[in-house]
Amino acid sequence: MSRVLVIGAGITGITTAYTLNQLGHDVIVADRHLYPAMETSYANGGQLSASNAEVWNQPGTLLKGIKWMLQKDAPLLLNPLPSWHKYSWLAEFTGAMRNYRKNTVATTRMAIEARQHLYDMAERENIDFNLERRGILHVYQDRAGFDVAARSNSLLLKGGLERYAVTPEEIRGIEPTLTGTYYGGFFTPSDATGDIHRFTRGLAAAAARYGVEFKQGVEIENLQFEAGRVTAMLADATSAGTRRRNDAERVDVDAVVICAGVGSRRLAALCGDRLNIYPVKGYSITVQLDDEASIAGAPWVSLLDERAKIVTSRLGKERFRVAGTAEFNGDNRDIRADRIDPLVRWVHENFDVETSRMTPWAGLRPMMPDMMPRVQRGRQPGVYYNTGHGHLGWTLSAATAQLAAALVDDDMPGLSKAA
């Protein structure tokens, strides 16, 4: 039985650890937080959205970023201060525009495949994560936005997605709580929503029952390679700067799978690999629906308002998640009031919902310049990557976990294959 260290206890790391365990590997999970799913997998938009698989590599995205640069509440905000990491990433983002069509189709296919893997995990382990399989409705206020969406829709259809245009009247029928005026929309009945935090914690608990070992509250201080083995040095993340280097715990494994989100770039460098992940911040609010009017006034069908770049998810009867924006501002997790306010205003503009009790949150999406996740072997023997999912980690994780686990299992078969 091979021993595998999975670095990262978010949705990607936990689905990978669970899948490796099911293949018969001895798995350890290490994460700097005290519990799983405490960073980008904590309070995202909640959408399991193949309909949002279009990659961002288009000239219009850059033009909007420049246009909105000085607008603090803009859907896309780019900090103009110089940063080699940021501008090298943007240069590679521009270069990846030539693969826009191919990458959008590939992402759509992967997202469709991922759904069934995730549903199977939840059913097998009896995980309640507020799953709502009511579809996702994209809405557009004007013809220009709708026509742009129609062009990208052809790529989603090519990837195998069932998605069709709807009229303003049909929008009302799909989600009666909407109060805005719309030119039209697109509806994807097979998409879904759910609480990523509840799912990840539930799957982590299942993995622990099967024997996966969790080391929480630790930083990866170093990775060493010798004779086909990997040694990880783990330091206590709760007492940074106070422990001596020779106090670090040594963990010897046959393989390491890096699923560390925005932290994967540093870890890749320790392995001699370049992984140009940039942290793109997103914000959300979770509104507590405390009165009957708010419970009735919040939508059950998941929405994406294309102009505002805002998505919604209903998480059970009494919670309403609203998320959006993309902020290029480095490794910064601050929750800014001027980025939360547009989410609150949007709720009041579109629904009869009270927002007096809501929780703001910000997380860093780990984005590659071409918007494609990295599932691959590293230069060093025994090093593997499953990271860089950007805004689609929740949507794609169950599929990329299968791919990453298969790479490890091909190189060092687990008990299931050995049997």
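Chemist: I would appreciate a short explanation of the sheet that holds strand β12 (residues 249-253) in the present structure.
Modeler: Backbone hydrogen bonds are what pair the strands of a sheet, in a parallel or an antiparallel way. Spatial ordering of the open sheet is given by β10-β11-β12, a layout of three strands whose pairing is antiparallel. Each end of this open sheet is capped by a strand with a single partner; those strands are β10 (218-226) and β12. Along the sheet, successive strands turn relative to each other by an average axial angle of 25°, direction set aside. Relative to β12, strand β11 (residues 229-236) is paired through five bridges, and the arrangement is antiparallel. When the bridges of β12 are listed, Ala-232 appears paired with Val-251.

Chemist: Which parts of the structure should I look at to understand helix α7 (residues 196-209)?
Modeler: Because an α-helix completes one turn every 3.6 residues, residues spaced three or four positions apart along the sequence face the same direction. The end-to-end C-alpha distance of α7 is 20 Å, a good match for the 20 Å that 14 residues give at a rise of 1.5 Å each. Of all the positions in α7, only Ile-196, His-197, Phe-199, Thr-200, Leu-203, Ala-204, Ala-206 and Ala-207 are classed as buried. Summarising the contacts, the buried residues of α7 are in contact with α1 (11-22), α4 (100-125), β9 (213-216) and α11 (393-411). Two to three positions downstream of the cap, the backbone nitrogen of His-197 sits 3.0 Å from a side-chain oxygen, assigning the N-cap of α7 to Asp-195. Downstream of α7 by one or two residues, Gly-211 has phi in the positive range, about 110°.

Chemist: Even after reading the chapter, I still don't get the pairing of strand β5 (residues 136-140), so can you show me in this structure?
Modeler: Looking along a regular strand, one sees side chains alternate from face to face of the sheet. Among the five residues that make up β5, five are buried, leaving the element largely enclosed by the rest of the structure. Alternating positions in β5 separate into two faces, Ile-136, His-138 and Tyr-140 on one and Leu-137 and Val-139 on the other, with burial throughout. In this structure, β5 lies alongside strand β7 (residues 184-188), joined through five bridges in antiparallel fashion. Across the sheet, residue His-138 finds its bridge partner in β7, namely Phe-186.

Chemist: Just checking my understanding: could you explain a nonpolar patch on the surface for this structure?
Modeler: Where nonpolar side chains cluster on the molecular surface, the patch consists of Leu-34, Tyr-35, Met-38 and Tyr-42 and spans about 390 Å² of accessible area. Relative to the elements of secondary structure, Tyr-35 occurs in the loop between β2 (26-31) and β3 (47-48).

Chemist: Would you take a moment to explain the pairing of strand β20 (residues 383-387) for this structure?
Modeler: Of all five residues in β20, five are buried; the element is thus mostly enclosed. What you see with β20 is no split at all: Val-383, Tyr-385 and Thr-387 on one side and Tyr-384 and Asn-386 on the other are buried throughout. When strand β13 (residues 255-258) meets β20, the two strands line up parallel, connected through three bridges. Bridge assignment links Val-257 to a residue of β20, and that residue is Tyr-384. Taken together, the four bridges between strand β19 (residues 374-377) and β20 define a ladder with antiparallel strand orientation. Looking across to β20, one finds that Arg-377 is bridged to Tyr-384. Counted between consecutive antiparallel strands, the loop separating β19 from β20 contains five residues, among which Gly-382 sits at a positive phi close to 85°.

Chemist: Sorry, what's going on with the environment of Arg-374 here?
Modeler: Topologically, Arg-374 is positioned in strand β19. Here the alpha-carbon distance between Arg-374 and Thr-387, two residues 13 residues apart in the chain, equals 5.4 Å. Those residues in contact with Arg-374 that lie beyond four places of it in its chain are Leu-275, Met-368, Tyr-385, Asn-386 and Thr-387.

Chemist: What should I look at first to understand the environment of Ala-404 in this one?
Modeler: Relative to the elements of secondary structure, Ala-404 occurs in helix α11. Since its relative accessible area comes to 3%, Ala-404 is described here as buried. C-alpha of Ala-404 to C-alpha of Asn-126: the two residues are 278 residues apart in sequence and 24 Å apart in space.

Chemist: Quick question: what am I supposed to make of the pattern of salt bridges here?
Modeler: Pairing of side chains with opposite charge becomes possible as their charged atoms draw close. Enumeration according to the criterion identifies 26 salt bridges in this entry. A salt bridge links Glu-306 to Lys-309; its shortest N-O distance comes to 2.4 Å. The shortest N-O distance in the salt bridge between Asp-338 and Arg-336 comes to 2.8 Å. Bridged by salt links that share partners, the residues Lys-281, Glu-327, Arg-336, Asp-338 and Arg-339 form one connected network.

Chemist: Explanation requested: the side chain of Thr-400 in the structure shown.
Modeler: With respect to the helices and strands, Thr-400 occurs in helix α11. On the basis of relative accessible area, Thr-400 is assigned to the buried category, the value being 0%. Among the polar contacts listed, one links the side chain of Thr-400 to the backbone oxygen of Ser-397, at a separation of 3.3 Å.

Chemist: Any chance you could explain the packing of aromatic side chains here in plain terms?
Modeler: The relation between two aromatic rings is expressed through the spacing of the ring centres and the mutual angle of the planes. Applying the stated criterion across every chain yields a total of 15 aromatic pairs. Taking 5.5 Å as the distance between ring centres and 25° as the angle between the ring planes, the aromatic pair formed by Trp-89 and Phe-93 counts as stacked. One end of the pair, Trp-89, and the other, Phe-93, are both in helix α3 (residues 84-95), four residues apart, so they sit about a helical turn from each other. Looking at Phe-93, the relative accessible area reads 3%, which means it is buried. For Arg-133, the ring lying beneath its charged end belongs to Tyr-119, and the centroid distance is 4.0 Å. A cation over an aromatic ring shows up here: Arg-314 above the ring of Trp-300, its NZ or CZ 4.0 Å from the ring centre.

Conventions and cut-offs
- Residues numbered from 1 in each chain as written.
- Predicted model: local features only at pLDDT ≥ 70, side-chain atom pairs only at ≥ 80, totals over all residues.
- Heavy atoms only, no water.
- Pairing = 2+ DSSP bridges.
- Helix = DSSP H or I, 4+ residues; strand = E, 2+ residues; numbered from the N terminus.
- Axes fitted to C-alpha atoms, helices over the stretch in contact; angles between N-to-C directions.
- Expected span 1.5 Å × (residues − 1).
- Buried < 20%, exposed > 50% of the residue type's maximum accessible area, 1.4 Å probe, protein only.
- Contact = heavy atoms within 4.5 Å.
- Polar contact = N/O pair within 3.5 Å; in protein donor to acceptor, adjacent residues only side chain to side chain.
- Patch = residues over 30% accessible without salt bridge, like charges linked within 9 Å, V, L, I, M, F, W, Y side chains within 5 Å.
- Areas by Shrake-Rupley, 256 points an atom, 1.4 Å probe, with all protein chains shown as cover.
- Salt bridge = Lys/Arg side-chain N within 4 Å of Asp/Glu carboxyl O.
- Phe/Tyr/Trp six-rings, centres within 6.5 Å; stacked < 30°, edge-to-face > 60°.
- Lys NZ or Arg CZ within 6 Å of the ring centre and 35° of its normal.

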